[in-house]
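Read off the chains here:
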Amino acid sequence: ATNRTFTMIKPDGVENGHIGAILEKINAAGFRIVAMKLTQMTKRDAESFYGVHSERPFFGELVEFMTRGAIVAAVLEKDNAVEDFRALIGATNPAEAAEGTIRKLYATSIGENAVHGSDSDENAAIEAAFHFSGRELF
Ligand code: CMP
């Protein structure tokens, strides 16, 4: 069924000038953009958004990174959106990401990995609602 996923182009992707190229890949893969904005997460936003990782050793670094500059937040629609988008972005660690994936092309490290993609339909809905109100979804 047609459904939705949530993505962010992370601060490294924005800083390195990859917004256009990443959106082009998203379009070419058949996703419809139903919400999108340039924004910046506060420390409190990032701690809440990544709450499931709060006990991980990299949590402080993750929050620092995700708040250091602008991100592009977006909601994408497609059949099988969550799974297909995770295939498009590739493995968390760009060194392990398949050829042609967004992380293989644009990520620099496991921490600074250019893009986020929701890992389940349930999290996609939670993450979309974190960043967008109902009237920002088209
Ligand atoms: P993502 O899967 O989008 O969300 C959790 C993030 O934590 C992940 O991307 C990475 O950016 C980050 N992360 C995961 N593992 C590590 C790690 N070993 N070191 C630093 N950051 C990590």
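These numbers were taken from a predicted model, which means no experiment stands behind them.

Analysis parameters
Residues numbered from 1 in each chain as written. Predicted model: local features only at pLDDT ≥ 70, side-chain atom pairs only at ≥ 80, totals over all residues. Near = placed C-beta within 6 Å. Nonpolar A, V, L, I, M, F, W, Y, C, P; charged D, E, K, R; others polar. UniProt positions renumbered as here; feature names shortened; annotations may be inferred. Buried ≥ 20, exposed ≤ 12 C-beta atoms within 10 Å, placed from the backbone. Contact = placed C-beta atoms within 7 Å. Helix = DSSP H or I, 4+ residues; strand = E, 2+ residues; numbered from the N terminus. pLDDT = per-residue confidence, 0-100. Pairing = 2+ DSSP bridges. Core = buried A, V, L, I, M, F, W, Y, C linked by C-beta atoms within 7 Å. Axes fitted to C-alpha atoms, helices over the stretch in contact; angles between N-to-C directions.

Colleague: Could you clarify how one ought to interpret the site of the ligand in this entry?
Modeller: Looking at the ligand, the residues that line it are His53, Phe58, Glu61, Leu62, Thr92, Ile110, Gly111, Asn113 and His116. When the residues that make up the shell around the ligand are grouped by side-chain class, the tally is 3 nonpolar, 5 polar and 1 charged.

Colleague: It is not clear to me how the UniProt feature "binding site: ATP" (unreviewed entry) in the protein should be interpreted in this structure. Could you clarify?
Modeller: Mapped onto the present numbering, the UniProt feature "binding site: ATP" (unreviewed entry) falls at Lys10, Phe58, Arg86, Thr92, Arg103 and Asn113. The exposure class assigned to Lys10 is buried, which follows from the 25 C-beta atoms found within 10 Å. Once you skip the residues sitting within four places of it in the chain, Lys10 turns out to touch Met66, Ile71, Glu112, Asn113, Ala114, Val115 and His116. Its place among the elements puts Arg86 in helix α5 (residues 81-89).

Colleague: Is there a simple way to explain the confidence of the model for the protein in this structure?
Modeller: Note: predicted coordinates in regions of low pLDDT should not be interpreted at a detailed level. Here the protein averages 97 in pLDDT, while 99% of its residues score no lower than 70. Of the two predicted TM-score estimates for the complex, the pTM is 0.96 and the ipTM is 0.93.

Colleague: What is the right way to read the pairing of strand β1 (residues 2-9) from this model?
Modeller: Side-chain positions along a regular strand alternate between the two faces of the sheet. The element β1 is extensively covered by neighbouring structure, given that 6 of its 8 residues are classed as buried. Inspection of the sheet shows β1 paired to strand β3 (residues 71-79) by 8 bridges, in the antiparallel sense. Counterpart to Ile9 in the pairing with β3 is Val72. In this sheet, strand β4 (residues 115-117) lies alongside β1 in antiparallel orientation, the contact comprising 3 bridges. Pairing of Thr7 across the sheet is with Gly117, part of β4.

Colleague: How should the nonpolar core be read in this particular structure?
Modeller: One recurring pattern in soluble globular proteins is that nonpolar side chains are buried together. With 28 residues, the main nonpolar core has Leu76, Phe85, Ile102 and Val115 as its most contacted residues. Elements supplying a minimum of two residues to this core: β1, α2 (19-28), α4 (59-66), β3, α5, α6 (102-106) and α7 (121-131). Excluding its chain neighbours within four sequence positions, the residues that come into contact with Phe85 are Thr5, Thr7, Phe31, Leu76 and Gly117.

Colleague: Got a minute to help me understand the environment of Lys37 in this structure?
Modeller: Within the secondary structure, Lys37 is located in strand β2 (residues 32-39). Lys37 sits in the exposed class, given 12 other C-beta atoms within 10 Å. Lys37 sits 37 residues away from Ala74 along the chain, and the two C-alpha atoms are 6.5 Å apart.

Colleague: Help me out: how do you make sense of the sheet that holds β4 in this one?
Modeller: Across the sheet, 4 strands lie side by side as β2-β3-β1-β4; this open sheet has antiparallel pairing. In this open sheet, the two strands that pair with only one neighbour each are β2 and β4. Direction aside, neighbouring strands of the sheet carry axes that sit 20° apart on average. Together, β1, β3 and β4 form the strand contacts of α5, whose direction differs from that of β1 by roughly 35°.

Colleague: Explain unusual backbone geometry here, please?
Modeller: What is expected of a backbone is that most residues other than glycine have negative phi and most peptide bonds are trans. Even without being a glycine, Asn80 presents a positive backbone phi close to 55°. Mapped onto the secondary structure, Asn80 falls in the loop between β3 and α5. Taking the C-beta count within 10 Å as the criterion, Asn80 has 12 such neighbours and is therefore assigned exposed. We note that Ala114 has phi near 75°; this positive angle belongs to a residue other than glycine. As for its placement among the helices and strands, Ala114 is situated in the loop between α6 and β4.

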